[in-house]
Amino acid sequence: MAQRVLIVGAGPGGLATAMLLAKAGLEVTVFESQGQVGGRTSAIEGDGYRFDLGPTFFLYPQVLEEIFAEVGRDLHREVPMTRLDPQYRLSFGAGGELLCRSDVEQMVAEISKLAPADAPEFRRFMAYNRVKLEKFAPCLQTPFLGWSDLMQGRLLAVLPYLKPWKSLHAELASHFRDPRLQLAFTFQSKYLGMSPFECPSLFSILSFLEYEHGIWHPTGGCNALTRGMARVATELGATIRLREPVKQILFEGRRAVGVRTDQGEFRADAVVVNADFGYAMTTLVPNALRRRWTDEAIAAKRFSCSTFMLYLGVEGRCEQLQHHNIHIAAQYRQNLEDIEKRHVLTEDPSFYVENPCRTDPSMAPPGHSALYVLVPVSHQHPNIDWQKERARYRQVALRQLAKLGLADIEKRIRFERIVTPADWESKVGIYRGATFNLAHNLGQMLHLRPRNRFEDFDRMYLVGGGTHPGSGLPVIFESARISSRLLLEDLHRRRD
Ligand SMILES: Cc1cc2nc3c(=O)[nH]c(=O)nc-3n(C[C@H](O)[C@H](O)[C@H](O)COP(=O)(O)OP(=O)(O)OC[C@H]3O[C@@H](n4cnc5c(N)ncnc54)[C@H](O)[C@@H]3O)c2cc1C
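Along each chain, the written sequence defines residue order, and numbers are assigned to residues from 1. The predicted nature of this model means local features are confined to residues of pLDDT at least 70 and side-chain atom pairs, given and counted, to a pLDDT of 80 or more, with totals for whole chains, interfaces and linings taken over all residues. Calculated side-chain values reflect all of the structure's heavy atoms, with hydrogen atoms and water omitted.

So what's going on with the domain arrangement of the protein? Which residues, and what values?
Parsing the protein into structural domains produces domain 1 (4-72 + 220-300 + 438-495), domain 2 (85-213) and domain 3 (305-426). Distance between the C-alpha centres of domain 2 and domain 3: 25 Å. At the interface, 19 residues of domain 2 touch 17 residues of domain 3. Buried area between domain 2 and domain 3, summed over both chains or domains, comes out near 1700 Å², and the portion from carbon and sulfur atoms is 59%. A carboxyl oxygen of Asp or Glu within 4 Å of a side-chain nitrogen of Lys or Arg is what we treat as a salt bridge. Close ionic contact of Glu198 with Lys341 constitutes a salt bridge, the shortest N to O distance being 3.1 Å. In this classification, Asp, Glu, Lys and Arg are treated as charged, Ala, Val, Leu, Ile, Met, Phe, Trp, Tyr, Cys and Pro as nonpolar, and every other residue, Gly included, as polar. Taken together, the residues of the side of domain 2 that touches domain 3 sort by class into eleven nonpolar, five polar and three charged. Domain extents, as shown, originate in an automatic or database domain assignment. Residues are treated as being in contact if the distance between any of their heavy atoms lies within 4.5 Å. Defined here as a combined quantity, buried area equals the accessible surface (1.4 Å probe) lost by two parts on assembly, summed across both.

Right under this line is the structure:
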């Protein structure tokens, strides 16, 4: 009889795991609390507009391509996608803008317009980070289950590139002199929900990845990835039960043996948790049972920032926008400190706007636009009461859009949805509304992050942004590969 695995959550991590384990011949059931798959990588739809709820940048498709190939499918056939060029436009509150091209030589030409003396350095930056990623990639592909894993040859090989004493920003300042360029190649730390002044220098590989492997737009948005994955997982035999939240994980001694939902109790040989780590532990597993990750230990961890979101269905096209548009505030450092240290709202914040109809008209009715506006803000903190701030901060965000030539936007709005950090916490089930999970400081990475083969219990595995390697789609897919491999090893060992 096939061995049974239960997966809590149909986010990208849970769905990739379902594909791999179903292909390996296990009987897989995925429980999902929402009425659709995808979690943070799902869609908001209304009045003919479609928006990604969360991810809009699909980087480094290789990992997901390999997962699809492993189950006998072709990612690009299942989910058509386009490589973007320009990748995005950066505008600087300090003055000037940079059109970021996917081709290195065209990018050098664009940099020359902003900071000619720095332009040739871009080629060296790429060459250096190519080697750095090559050395670090094996660390992202293997589990870190204890201190001894730190002594592996592959981690020792990357040490000269790790520079743990250096922040990402300090690393980039050694490449580029113009402060705007330093930000152009460090703001990507926001993908991890971190300030480049705090983020480890290791993460210069993020901007490198964009230029080396591209920024991709799946047709219909990144949510098309999770819809495609759910379709394939189901075709491989997995069952996905929507609107069925897990209320409790069941244990016998220290072994996870199943889950309880409103429909009853389900027993299994292993349980995989894809739901947000902090939220899942504090709501689905009694505190007294946990050894390392108690409520108190989780509360003492560092968490990523959150996001204030506007999803706007707008009449007319927005030709002044590229597909991706990022505005970096004049007082960038102060904006980051407001988010991460002072936990207050900034009145002139950095922000990001996606205008996907430029590439993909399917996202809005003909002649209309579906704008996605993201303002990085503090995770939930007593300093900010979102019930009070919600309407006021909407006005702040709309006012900021004038900086991108959208001064008239409010009267063109035909559909609108707002998501605040309080909504991320209460409606999406994200601990403290920290949209990018536990922070990625060195003290919370590798074996110090909650482990793929979860250390507090037997037969429990973690996938998604809360475990190793971390948050962001490519590494979340990597976590699914690592955890599936460990789970299969453990079940095979037991059968043998
Ligand atoms: C605003 C935003 C923008 C982002 N932008 C990018 C980007 O551009 N590029 C990128 O690579 N990454 C981005 N990310 C980060 C990351 O890729 C996504 O958040 C990703 O969806 C996280 O995947 P996950 O597998 O960890 O789980 P999630 O997407 O969080 O999915 C977990 C699932 O578990 C379900 N669940 C929770 N509790 C239960 C329960 N008790 N029972 C059953 N089901 C449950 C949830 O409903 C959810 O469906 C972004 C995130 C956000 C929020």
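Describe the side chain of Asp52, with residues and values.
Along the polypeptide, Asp52 turns up in strand β4 (residues 49-52). Accessibility here uses a 1.4 Å probe with only protein chains present; expressed as a share of the type maximum, an area under 20% marks a residue as buried, one over 50% as exposed, and anything in between as partly exposed. For the purpose of charge, His is not counted, nor are the chain termini; Lys and Arg are scored as positive and Asp and Glu as negative. Here Asp52 occupies a buried position and makes no salt bridge, while the nearest side chain of opposite charge, Arg50, is found at 6.7 Å. Counted as a polar contact is a pair of N or O atoms within 3.5 Å, where, for protein atoms, one must be capable of donating a hydrogen and the other of accepting one, and residues adjacent in sequence contribute only when both atoms are in side chains. Here the side chain of Asp52 touches Cys222 through a polar contact of 2.7 Å, landing on its backbone nitrogen. For Asp52, the side chain forms a polar contact with the side chain of Asn223, separated by 2.7 Å. Excluding residues that lie within four positions of it along the chain, Asp52 makes contacts with Ser42, Gly221, Cys222, Asn223, Tyr311 and Tyr372. Only DSSP runs of H or I with at least four residues qualify as helices, and only runs of E with at least two residues qualify as strands; both kinds are numbered from the N terminus onward.

Describe the pattern of salt bridges, listing the residues and the values that go with them.
Under the criterion given, the structure shown has 36 salt bridges. In this structure, Lys113 and Glu110 form a salt bridge, with 3.2 Å as the shortest nitrogen-oxygen distance. Taken together, the positions of Lys113 and Glu110, both in helix α4 (residues 104-114) and three residues apart, correspond to about one turn of that helix. For Lys113, a relative accessible area of 64% translates into the label exposed. Glu110 sits in the buried class, given a relative accessible area of 12%. A salt bridge links Glu198 to Arg302; the shortest N-O distance between them is 3.8 Å. Of this pair, Glu198 sits in the loop between α8 (179-184) and α9 (204-213) while Arg302 sits in the loop between α12 (295-299) and β15 (306-315), placing them 104 residues apart in sequence.

Talk me through the site of the ligand; I want residue IDs and the actual numbers.
In this text, near means that some heavy atom of the residue lies within 4 Å of the molecule or strand in question. Around the ligand, the surrounding shell holds 37 residues, and the nearest of these are Glu32, Arg40, Thr41, Gly465 and Leu473. Backbone polar atom of Ser33 to a nitrogen atom of the ligand: 3.2 Å apart, as the coordinates give it. Using a 1.4 Å probe, the Shrake-Rupley method yields the accessible areas, and only the shown protein chains count as cover for residues. Here the ligand, which alone exposes 1000 Å², has 95% of that area covered by the protein. At the level of secondary structure, the elements contributing two or more residues to the shell around the ligand comprise α1 (12-23), α11 (277-284), β15, β18 (368-377) and α16 (473-495).

Any details on the nonpolar core? Residues and values, ideally.
Here, nonpolar core means buried Ala, Val, Leu, Ile, Met, Phe, Trp, Tyr and Cys residues that are tied together by side-chain atoms lying within 4.5 Å of each other. By size, the foremost hydrophobic cluster in this structure holds 68 residues, and its most contacted members are Tyr88, Leu90, Leu98, Phe122, Phe185 and Tyr311. With sequence-adjacent residues up to four places away left out, Leu90 is seen in contact with Glu97, Leu98, Cys100, Ala184, Phe187, Ile326 and Ile328.

How would you summarise the packing of α1 against helix α2 (residues 62-70) if you had to cite specific residues and measurements?
Relative placement of two packed helices is described by the angle separating their axes and the distance separating the axes. Every angle, taken between N-to-C directions, lies between 0 and 180 degrees, and every axis is a line fitted to C-alpha atoms, over only the stretch in contact when it is a helix. Here α1 crosses α2 at 25°, and the two axes come no closer than 9 Å. As far as their axial angle goes, α2 and α1 are roughly parallel. Note on packing geometry: the crossing formed by α1 with α2 is left-handed. Every residue of α2 that contacts α1 at Ala16, Met19, Leu20 and Lys23 is listed here: Ile67, Phe68 and Glu70. Each angle receives one of four descriptions, namely roughly parallel if under 35 degrees, roughly antiparallel if over 145, roughly perpendicular if within 65 to 115, and oblique otherwise. Two helices that cross are described as forming a left-handed crossing if the nearer one is turned anticlockwise from the farther one by less than a right angle, and a right-handed crossing if clockwise.

Any chance you could break down the sheet that holds strand β6 (residues 81-83) for me, citing the residues and the numbers?
Whether two strands pair depends on DSSP finding at least two bridges between them. Strand order in the open sheet made by the three strands is β5-β9-β6, with antiparallel pairing throughout. Two strands close off the open sheet at either side, each with one partner strand: β5 (58-59) and β6. Pairing analysis gives two bridges linking β5 to strand β9 (residues 215-218), with the strands arranged antiparallel. Across the sheet, the residue bridging to Leu59 is Ile215, located in β9. Packing of α9 onto the sheet brings it into contact with β5, β6 and β9, and relative to β6 it is tilted by some 100°.

I'd like a description of unusual backbone geometry, backed by residues and values.
Along the chain, Asp85 connects to Pro86 via a cis peptide bond; the corresponding omega equals 0°. One non-glycine residue, Arg243, lies in positive phi territory at about 50°. With a phi close to 70°, Asn437 is a non-glycine residue in the positive phi region. As for its placement among the helices and strands, Asn437 is situated in the loop between α15 (421-426) and β20 (460-462).

Talk me through the packing of α1 against helix α10 (residues 223-235); I want residue IDs and the actual numbers.
In contact at an axis separation of 9 Å, α1 and α10 are set at 30° when each is read in the N-to-C sense. Looking at the two axes, α1 sits roughly parallel to α10. Considering the relative orientation of α1 and α10, their crossing is left-handed. Contact residues: Pro12, Leu15, Ala16, Ala18 and Met19 in α1; Thr226, Met229, Ala230, Val232 and Ala233 in α10. Looking at the contact of α1 with α10, its residues break down into nine nonpolar, one polar and no charged.

Before we move on, can you summarise the packing of aromatic side chains with the specific residues and values?
When two rings of Phe, Tyr or Trp (its six-membered ring) have centres within 6.5 Å they constitute a pair, described as stacked for plane angles under 30 degrees, edge-to-face for angles over 60, and tilted for the intermediate range. For the structure shown, the criterion picks out 25 aromatic pairs. Look at Phe51 and Phe415: their rings are 5.7 Å apart centre to centre, the planes differ by 15°, and that puts the pair in the stacked class. Note that Phe51 is positioned in strand β4 and Phe415 in strand β19 (residues 413-419), a separation of 364 residues in sequence. Using a relative accessible area of 9% as the deciding quantity, one classes Phe415 as buried. Note on Phe454 and Phe457: the rings are 6.2 Å apart at their centroids and 45° apart in plane angle, and the pair reads as tilted.

Break down the sheet that holds strand β7 (residues 88-92) for me, with residues and values.
If you trace the seven strands from one edge of the open sheet to the other, you get β8-β7-β16-β17-β18-β15-β19, paired in mixed fashion. At either end of the open sheet lies a strand with only one pairing partner, and these are β8 (97-100) and β19. Going from strand to strand, the sheet's axes swing by 15° on average, the running direction of each strand aside. By the bridge criterion, ten bridges tie β15 to β18 in an arrangement that is antiparallel. By the bridge assignment for β18, Gly313 is matched with Ala370.

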